[in-house]
Amino acid sequence: MQTLCGTTLNPRNPTQCDVAPNTVVRIDNDGKIAEVDTKKKTSADHLGGDGCWLIPGFIDAHLHLTQWDRRGIDGLSLFDWLERIVYPAETRFKKPDLAQKLAHDFITGLVANGTTTAAVYGSPFAKATDRAFSVFAERGFRAVHGMMLNDVNCPKELCQQTEKALDESRELAAKWHGAEDGLLQYAFSPRMATCCSEKLMRGAAALADMVKCPIQTHIAESMAEVSAVRDCFPDQLDDVDVFAEMGLLTSRTLLGHGVCLTEPQRRQVAETKTAVVHCPTANLFLESGLMDYVAHRRAGIPIALGSSLAAGYEPFMPKVAVSCLQTAKTIKVHAIPRGSHSVPTPAEAWWLLTKGAADALNLGERIGLLEPGYEADCLVVRPEPWIADLPTEQQTSALLYTLRPDQIEHVLIRGRRVGPEDCAG
Ligand SMILES: [Zn+2]
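Residues numbered from 1 in each chain as written. Predicted model: local features only at pLDDT ≥ 70, side-chain atom pairs only at ≥ 80, totals over all residues.

Enquirer: It is not clear to me how the packing of helix α2 (residues 96–112) against helix α3 (residues 126–139) should be interpreted in this structure. Could you clarify?
Expert: A pair of packed helices is characterised by two quantities: the angle between their axes and the separation of those axes. Across the interface, α2 lies against α3 with an axial gap of 8 Å and an inter-helix angle of 35°. α3 is crossed by α2, and the crossing has right-handed handedness. For the pair α2 and α3, contact is made by Pro96, Ala99, Gln100, Ala103, His104 and Ile107 and by Lys127, Ala128, Arg131, Ala132, Val135, Phe136 and Arg139, respectively. Class assignment for the residues of the contact of α2 with α3 results in 8 nonpolar, 2 polar and 3 charged. (Axes fitted to C-alpha atoms, helices over the stretch in contact; angles between N-to-C directions. Helix = DSSP H or I, 4+ residues; strand = E, 2+ residues; numbered from the N terminus. Left-handed = near helix turned anticlockwise from the far one by under 90°. Contact = placed C-beta atoms within 7 Å. Nonpolar A, V, L, I, M, F, W, Y, C, P; charged D, E, K, R; others polar.)

Enquirer: Any chance you could explain the domain arrangement of the protein here in plain terms?
Expert: You'll often see interface size given as the accessible area lost when the parts meet. The domain boundaries assigned to the protein delineate domain 1 (2–56 + 368–419) and domain 2 (58–334). Opposite the 13 residues of domain 1 that make contact, domain 2 presents 15 residues. Going through the elements one at a time, α15 (392–402), β16 (408–413) and β17 (416–419) are the ones with two or more residues in the side of domain 1 that touches domain 2. (Domains from an automatic or database assignment.)

Enquirer: I keep staring at helix α1 (residues 78–91) and nothing clicks. Help me out?
Expert: Note that an α-helix has 3.6 residues per turn; residues three or four places apart therefore point the same way. Given a rise of 1.5 Å per residue, 14 residues ought to cover 20 Å, and the 18 Å separating the end C-alpha atoms of α1 matches this to within 8%. Ile85 marks the point of greatest bend in α1, at about 30°, and the proline Pro88 comes within the next four residues. By the burial criterion, the buried members of α1 are Leu78, Trp81, Leu82, Val86 and Glu90. Against the buried residues of α1 lie β8 (148–149) and α7 (223–232). (Expected span 1.5 Å × (residues − 1). Bend = angle between axes of the 7 residues up to and from the residue. Buried ≥ 20, exposed ≤ 12 C-beta atoms within 10 Å, placed from the backbone.)

Enquirer: Can you help me understand helix α4 (residues 162–176) in this one?
Expert: Taking 1.5 Å of rise per residue, 15 residues should cover 21 Å, and α4 covers 21 Å from first to last C-alpha, within 8% of that figure. Burial in α4 covers these residues: Ala165, Leu166, Glu168, Ser169, Leu172, Ala173 and Trp176. Projected onto a plane normal to the axis of α4, the buried residues spread over an arc of 165° and lie on a single side. In α4, the exposed positions that point more than 90 degrees away from the buried face belong to Glu163, Lys164 and Ala174. In the core, the buried residues of α4 are packed alongside α3, β7 (142–146), β8, α5 (179–182), β9 (184–186) and α6 (198–211). Phi turns positive, to about 85°, at Gly178, one or two residues after α4. (Arc of directions from axis to C-beta.)

Enquirer: It is not clear to me how the sheet that holds β9 should be interpreted in this structure. Could you clarify?
Expert: Across a sheet, paired strands are connected by hydrogen bonds in the backbone, their directions being either parallel or antiparallel. Read from one edge of the open sheet, 4 strands run β5-β6-β7-β9, paired in parallel fashion. Each edge of the sheet is formed by a strand with only one pairing partner; in this case those strands are β5 (58–64) and β9. For this sheet, the mean inter-axis angle between neighbouring strands, taken without regard to orientation, is 15°. Bridge analysis of strand β6 (residues 115–121) against β7 gives 5 bridges, and the strand direction is parallel. Residue pairing for β7: Val120 is matched across the bridge by His145. (Pairing = 2+ DSSP bridges.)

Structure, rendered in structure tokens:
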């Protein structure tokens, strides 16, 4: 039994983020929250205490393991970024030992930034993907992960044989999907429509359906990508239509970016309950565009946030959420008539970082809240003390904008301390 004390932050839905000071959270030996109480006295061996806040761990729903050490290289647009940064970074993963080392660095980095769940693309190499899963298991990290799939329009050293890539994905899914008592999930991961044959996409969709695995891929990231898809699939209406035809639009699918989705496309995505992962820092970094988050939500699309490392340079998810708000503000100030767009609140941003993302990943019954019965993925943080003196909704705003990674004192995944420094237990 582990006990945490502090002010709890519970982002229950887009409009309600509960703050409860002087709260005691007890975690049972299975890593589940057993009790949340504002009246109980603390025990001597608790984590947190005066000045501390307890918040659900951050969920990063789109990032690339292979690019952890390629953050912040500016000046490229999407296809140049692929050629100059992504492909060479992935080619290194031919060596499984290097993949293992980078996977450790990656987990250390994510945990130091308070991320407790991540949906992660790997390289197109099965051995490297297997090693990365082993590291995630060893470190007790919660991950949705999969081998990158591409069999056309990509460099020779990364280009897979279609059947072999599907076989390897199936084997990896059989080994890792649901492993570590459900902490790990396998994701079939076609890179993007332009890099995948029809056979590969249909095969991935069919296998994912058989095993009920997540699927992750990229869509409508930039206008250049949209027109490249049109060139590759002249018989389909657009990129959403391609994925619909291939069976890739499902309630288990995470579509990265979606910057250029039109209103009819938003409705089509929403009807299939497919989630979109909003990656605002990356969309600006590569100058891909401003995703209209509010329009996506209004259409009914489940949405999570992604750092999109390393086209996103920022691994600290609250800063990605701030970027989501700033993108919405930019759309608002440039709208005609001026101010005709709305902007999500900081409370909604907290929900996107936690419970909202968990819902989009179909994990909303297990993580994302500090409530009895939920698995204890949570952070003990010590923010600037003046925040506690503000009215509640100002507290959630100030905490979002000012929290820093060095204010994270403990990171727990399913009740087990995993960092920031590598504490055992
Ligand atoms: Zn990506």
